[in-house]
Amino acid sequence: MSESIPKTQTVALVRTLGGAVEFVDDYPVPTLGNNEVLAKVLYTGVCQSDLHTKCGTAAGHDGTPITNIKLPHVGGHEGVGRIISIGPNCGEGIKLGGLVGIRFLSRVCRRCEFCLAGNEQYCIKSTNHLHHEDGSFQEYIALDADNLTILPDDIDPKLIGPVLCAGVTAYKAVLNANFKVGEWVVVVGAGGGLGHLAVQYARARGASVIAVDSGKDKREYLLSVGAKEFVDFALVPDVIQGVHKITNGGASAVIVAAGNPKAFAHAAEMLRVGGTLSCIGIPPGRPFLETPISTIVIKGLKITGNLIGSLKECMEAVELTRRGIVMPKVQVRPFRELTAVYELLERGDIPGRIVLQVAQDA
Ligand SMILES: [Zn+2]
Ligand SMILES: [Zn+2]
């Protein structure tokens, strides 16, 4: 064992849904069960679904709030940690001191039809770090060795957290957007946590990207990471027409990374015949996609939803960042600023992603 393991630790605790975040310093450090490793959490991103979950407003597949959430709740599912202890029967290939990711999915069954098909994000028996198990808003975490996200040694732990949820989700939305090299792809909400990554993945796969967002800073930044055009929704009288003008008849795909339900309906109108609407992010409440069925049928549109991705797709996304092709824009803040970060997220005010530094690397 490379370092001593304390009995208690600091965690960001939420006692009741809708309640405040409290920093508690005497929370027990998990003891390892069979086939588990203990990781010290170095950095963690803060995701919109952490905010919705702790507020009790996170929506499930039928649009009603998810209420079956472990309390007290410890969120966080974009973490990077270092393995400091290996429990019994973990098998080979896991090394002390190695870096691991803390993702949304904590455990999967490996037997259901979705696991067998390599779509384990839909596993019918899965558990996750948002609703069932304590996540990366704690200094020490126990992880299932069979579902371990083993990271390369030469990644930057500050950058990889956001790849593990926002990144793989945006990557999956780009894979499902179904476009060819050179075709126009619109990213709506391009400056946010999901959007700025979707712009870069789409660019990396050969799209001509139109970024839709607002403000001079976002414009400069998004053009610098590969967007070909920027449409400022606050300045342009009609965004849909703006897109049609640039694309001469509509985009091949529109990826919506904005939390506003209106953005989804507008997006369908930006598509050309045969285009794909690729939805990511889940707006709170139970909003509907208001697109006339006639539009979908007559234009032959495809609609795709994207819920994270598989571990394999996650590792592909990690590799693109390791090689400097897709770079998350991160701002590192101390762990105890989580509440302030939630306030910024609520206002939709964060360019890129905020990453919290949780524990000191030894
Ligand atoms: Zn997330
Ligand atoms: Zn399964």
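A quick note: this is a predicted structure, and the numbers were derived from the prediction, not measured.

### Some thoughts on the overall build of the protein chain
Then, in step 1: The helix and strand inventory of the protein chain stands at 10 helices and 17 strands.
Then, in step 2: Computed over C-alpha atoms, the radius of gyration of the protein chain comes to 20 Å, within 12% of the 21 Å expected from 2.2 N^0.38 for 362 residues, which places it in the range of a compact globule.
Then, in step 3: Dimensions along the principal axes, computed over C-alpha positions, put the protein chain at roughly 65 × 40 × 40 Å.
Then, in step 4: Residue burial in the protein chain is summarised as follows: out of 362 residues, 45% are buried.

### Structural notes on the pairing of strand β16 (residues 330-334)
Strand residues, when the strand is regular, have side chains that alternate between the two faces of the sheet.
Then, in step 1: As judged from the 5 bridges shared by β16 and strand β17 (residues 353-357), these two strands associate in the parallel manner. Within the sheet, the bridge partner assigned to Val330 lies in β17 and is Arg353.
Then, in step 2: As a crossover connection, the stretch from β16 through helix α10 (residues 338-347) into β17 is right-handed.

### What about the pairing of strand β1 (residues 8-14)?
Then, in step 1: Within β1, 5 of the 7 residues are buried, leaving the element largely enclosed by the surrounding structure.
Then, in step 2: Examined bridge by bridge, β1 and strand β2 (residues 21-28) share 6 bridges and lie antiparallel to one another. Note that in β2 the partner of Ala12 across the bridge is Phe23.
Then, in step 3: Counting the residues that bridge the hairpin from β1 to β2 gives 6 residues, and of these Gly18 lies at a positive phi of roughly 90°.

### A word on the nonpolar core
Then, in step 1: Judged by nonpolar contacts, the single largest core of 99 residues is most densely connected at Val185, Val187, Ala198 and Ile255.
Then, in step 2: In terms of residues, this core owes the most to one element, helix α3 (residues 157-175), which gives 11 residues.
Then, in step 3: Inspection of this core shows a minimum of three residues originating in each of domain 1 (8-165 + 309-357) and domain 2 (177-305).
Then, in step 4: When sequence neighbours within four positions are dropped, the list of residues in contact with Val185 reads Ala177, Phe179, Ala202, Ala207, Val209, Ala251, Ser252, Ala253 and Ile255.

### A closer look at the sheet that holds strand β14 (residues 271-279)
Then, in step 1: With respect to topology, 6 strands assemble into an open sheet ordered β12-β11-β10-β13-β14-β15, the strand pairing being parallel. Strands at the two margins of the open sheet, each flanked by one partner only, are β12 (229-232) and β15 (302-305). Sheet twist, expressed as the average angle between the axes of neighbouring strands with direction ignored, equals 20°.
Then, in step 2: In terms of strand pairing, strand β10 (residues 184-188) meets strand β13 (residues 251-256) through 4 bridges, oriented parallel. For Val188, the partnering residue across the bridge sits in β13 and is Val256.
Then, in step 3: Most of the contacts of helix α5 (residues 216-224) go to β12, to which it runs at about 160°, and overall it touches β11 (208-213) and β12.
Then, in step 4: Packing against the sheet, helix α6 (residues 239-247) makes contact with β10, β11, β12, β13 and β14, and its axis sits at approximately 160° to β12.

Basis of the calculations
Residues numbered from 1 in each chain as written. Chains lettered and ligands numbered in written order. Predicted model: local features only at pLDDT ≥ 70, side-chain atom pairs only at ≥ 80, totals over all residues. Helix = DSSP H or I, 4+ residues; strand = E, 2+ residues; numbered from the N terminus. Rg over C-alpha atoms; globule rule 2.2 N^0.38 Å. Buried ≥ 20, exposed ≤ 12 C-beta atoms within 10 Å, placed from the backbone. Pairing = 2+ DSSP bridges. Right-handed = clockwise from strand over helix to strand, strands pointing away. Core = buried A, V, L, I, M, F, W, Y, C linked by C-beta atoms within 7 Å. Domains from an automatic or database assignment. Contact = placed C-beta atoms within 7 Å. Axes fitted to C-alpha atoms, helices over the stretch in contact; angles between N-to-C directions.

The quantities given are spatial measurements derived from coordinates; they are silent on function.
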